Amino acid sequence: MNMSSVSAHPLWGQAFRPMFLLGAAFSALAVLLWGLALQGIVLLPGSSSIFWHSHEMLFGFALAIVAGFLLTAVQNWTGQRATHGRPLLLLTLLWLAGRLCMLAGDLLPWWFTALVDMAFMPLVAWFFWRLLFAVKQQRNYFFVPVLLLMTFANAVMHWGNAVQDMSLVQWGSHSVSWMLILMITVIGGRVMPMFTANGSMTPKTEALPWLEKLVLGASWLLLVIYLLRLDQVLPPFVLALLLTLTAVSQALRIARLRIQVTWKIPLLWSLHLAYWFIPLGLLLLAMHYLGWPVTFSAALHALTAGAVGGMILAMIARVSLGHSGRPLQPRPLMSLSFALLLLAALLRSLGVILWPQQSLLFYSLSALLWSSAFILFVFCYARILLGPRPDGRAG
């Protein structure tokens, strides 16, 4: 069978199909391996298990989903056919090659692994930008430099691991985490009012211009602070004040969308609860800088496991239905999946903070719950992502 016939399979109709399916499956596997490594049952590849875990959850999992989302959304934004067929197949194989190289660990030269792994995001940026540029849709241009900046952070992480400088590894992972929070803030602000209104059949909550400027301005400022490592020189009180201001503005923004109208609609309450982890994580970080018994890691995981992980699961569950031509009605098992992931995030953040003596137990339980959540997604959505649209349309 030649590549042309393979690339004609429904899986290669749009980027969300392979990226969501493989990204979710990989996430379940990677976190399960991490949980087993914490118990001393398995050894993770490479010289630093923390590097492998943080890198693969960001660049292996989260950015695969980001790629699938952006390369699918750009078709709606521009009205042009997005990446599909052979180019999408090759892009997916490139992502998979990066995961295999990372799993090989020290069996491969670090620079070879880095080059293979780093090739994915610039190609995503190119496929994305060329459609935007064709119609001069400047509103979404900013995603392109963000994707390229993520590639630079990836390079820094690889180099930091090679020279055993964990400060560089942490800079790369923290920078990408803040970029993902910024993406959620931007995209969430655009779509969640509409999703909530349409799904609950209630009036749409109109954005407050001053609040949007405050939320976005503060979010960009936090990103710049951590990119430039100004968190190392700014007084902790100043950081805490800025984080608290951002948290309050984010909380006001999501509270205005009225979570109480979403409780009977899993695709909505899952989005709302995931977004609430942004103000929670920001407040926990503020407490950390003020000297409270809150570790930076626990606060950061409220943002990454809770906000990023929760929003990803809620969005891929929705996008996979909508873009495959199906009603926005997930299987009942997905409610369990959403709940398991949110509980995993709570254990990894608040649980560790409140009961630090049980940290290892909470790490392991959180890993098990996270993996279970994404295994349920794969179980519920594999047939949808692998099969054709019921209306016979391409994509």
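Description of the structure in this document. (Residues numbered from 1 in each chain as written. Predicted model: local features only at pLDDT ≥ 70, side-chain atom pairs only at ≥ 80, totals over all residues. Heavy atoms only, no water.)

## Overview of the overall build of the chain
Operational definition: Going along the chain from the N terminus, every DSSP run of H or I of four or more residues is numbered as a helix, and every run of E of two or more is numbered as a strand. The globule rule used here is 2.2 Å times the number of residues to the 0.38 power, and the radius of gyration it is set against is calculated over C-alpha atoms. In what follows, a contact means two residues having at least one pair of non-hydrogen atoms within 4.5 Å. Residue exposure ignores everything except the shown protein chains as possible cover, and the areas themselves are Shrake-Rupley values with a 1.4 Å probe. Charge counting follows a simple rule: Lys and Arg are positive, Asp and Glu are negative, and His as well as the terminal groups are ignored. Charge positions come from single atoms, namely NZ of Lys, CZ of Arg, CG of Asp or CD of Glu.
Looking only at helices and strands, the chain features 14 helices and zero strands. Counting helices and strands in the order they occur from the N terminus, the chain gives α-α-α-α-α-α-α-α-α-α-α-α-α-α. Against the globule reference of 21 Å for 395 residues, the chain gives a C-alpha radius of gyration of 20 Å, in line with a compact fold. Overall size of the chain, expressed as C-alpha extent along the three principal axes, is 60 × 55 × 40 Å. Of the contacts made within the chain by residues no fewer than 6 positions apart, 78% connect residues no fewer than 24 positions apart. Accessible area for the chain stands at about 16,700 Å²; split by element, carbon and sulfur atoms hold 71% of it. Averaging the positions of the 22 positive and the 8 negative side-chain charges in the chain gives two centres separated by 15 Å.

## Focus: a nonpolar patch on the surface
Where we set the bar: Within this analysis, patches are made of residues with over 30% relative accessible area and no salt bridge. Like charges are joined at 9 Å or less; nonpolar side chains (Val, Leu, Ile, Met, Phe, Trp, Tyr) at 5 Å or less. Here a salt bridge means any side-chain nitrogen of Lys or Arg lying within 4 Å of a carboxyl oxygen belonging to Asp or Glu. A simple rule labels every residue: compare its accessible area, found with a 1.4 Å probe on the protein chains alone, to the largest value its type can have, and call it buried under 20%, exposed over 50%, or partly exposed in between.
Where nonpolar side chains cluster on the molecular surface, the patch consists of Trp110, Trp111, Phe112, Leu115, Trp159 and Val163 and spans about 640 Å² of accessible area. Relative to the helices and strands, Trp111 is located in helix H5 (residues 110–118). Of the residues examined, Trp111 reaches a relative accessible area of 48% and is grouped as partly exposed.

## Some details on the side chain of Ser173
Basically, it comes down to this: Each polar contact in these results corresponds to two N or O atoms within 3.5 Å; when the atoms are within protein, one needs to be able to donate a hydrogen and the other to accept it, and residues that are neighboring in sequence are counted only if both atoms are side-chain atoms.
Along the chain, Ser173 turns up in helix H8 (residues 166–200). A distance of 3.1 Å separates a polar atom in the side chain of Ser173 from the backbone oxygen of Gln170. Leaving out residues up to four positions away in the same chain, Ser173 has contacts with Ser54, Leu58 and Met157.

## Some thoughts on the packing of aromatic side chains
To keep it simple, the criterion reads: Stacked, edge-to-face and tilted labels apply to pairs of Phe, Tyr and Trp rings (six-membered ring for Trp) whose centres lie within 6.5 Å, assigned for plane angles under 30 degrees, over 60, and everything in between, in that order.
Tallying each qualifying case throughout the model produces 19 aromatic pairs. With a centroid separation of 6.1 Å and an interplanar angle of 80°, the aromatic rings of Trp77 and Phe128 are classed as edge-to-face. Here the residue Trp77 occupies a position in helix H3 (residues 49–78), and Phe128 occupies one in helix H6 (residues 120–134), the gap between them amounting to 51 residues. On the accessibility criterion, Trp77 (27% relative accessible area) is partly exposed. Ring centres of Phe377 and Tyr381 lie 4.6 Å apart, and the angle between their planes is 20°; on these two criteria the pair is classed as stacked.

## Some points on unusual backbone geometry
The general pattern is negative phi for most residues beyond glycine and trans for most peptide bonds. The phi torsion at Lys136 lies on the positive side, around 55°, for a residue other than glycine. Within the secondary structure, Lys136 sits in the loop between H6 and helix H7 (143–162). The phi torsion at Arg258 lies on the positive side, around 60°, for a residue other than glycine. Tracing the backbone through its elements, the reader meets Arg258 in the loop between helix H10 (236–255) and helix H11 (266–289).

## Regarding the pattern of salt bridges
All chains considered together, the criterion is met by four salt bridges. Across the pair Arg99 and Glu56 runs a salt bridge, and its minimum N-O distance is 2.7 Å. Of this pair, Arg99 sits in helix H4 (residues 85–104) while Glu56 sits in helix H3, placing them 43 residues apart in sequence. For the pair Arg99 and Glu56, one class covers both residues: buried. The residue Arg253 makes a salt bridge to Glu212 at a minimum N-O spacing of 2.7 Å. Of this pair, Arg253 sits in helix H10 while Glu212 sits in helix H9 (residues 209–227), and the two are 41 residues apart along the sequence. Assessed through its relative accessible area of 8%, Arg253 is described here as buried. Judged by its relative accessible area of 18%, Glu212 falls in the buried class. Members of the salt-bridge network, linked through shared partners, are Glu56, Arg99 and Asp117.

Geometric descriptors of this kind do not, in isolation, establish any biological role.
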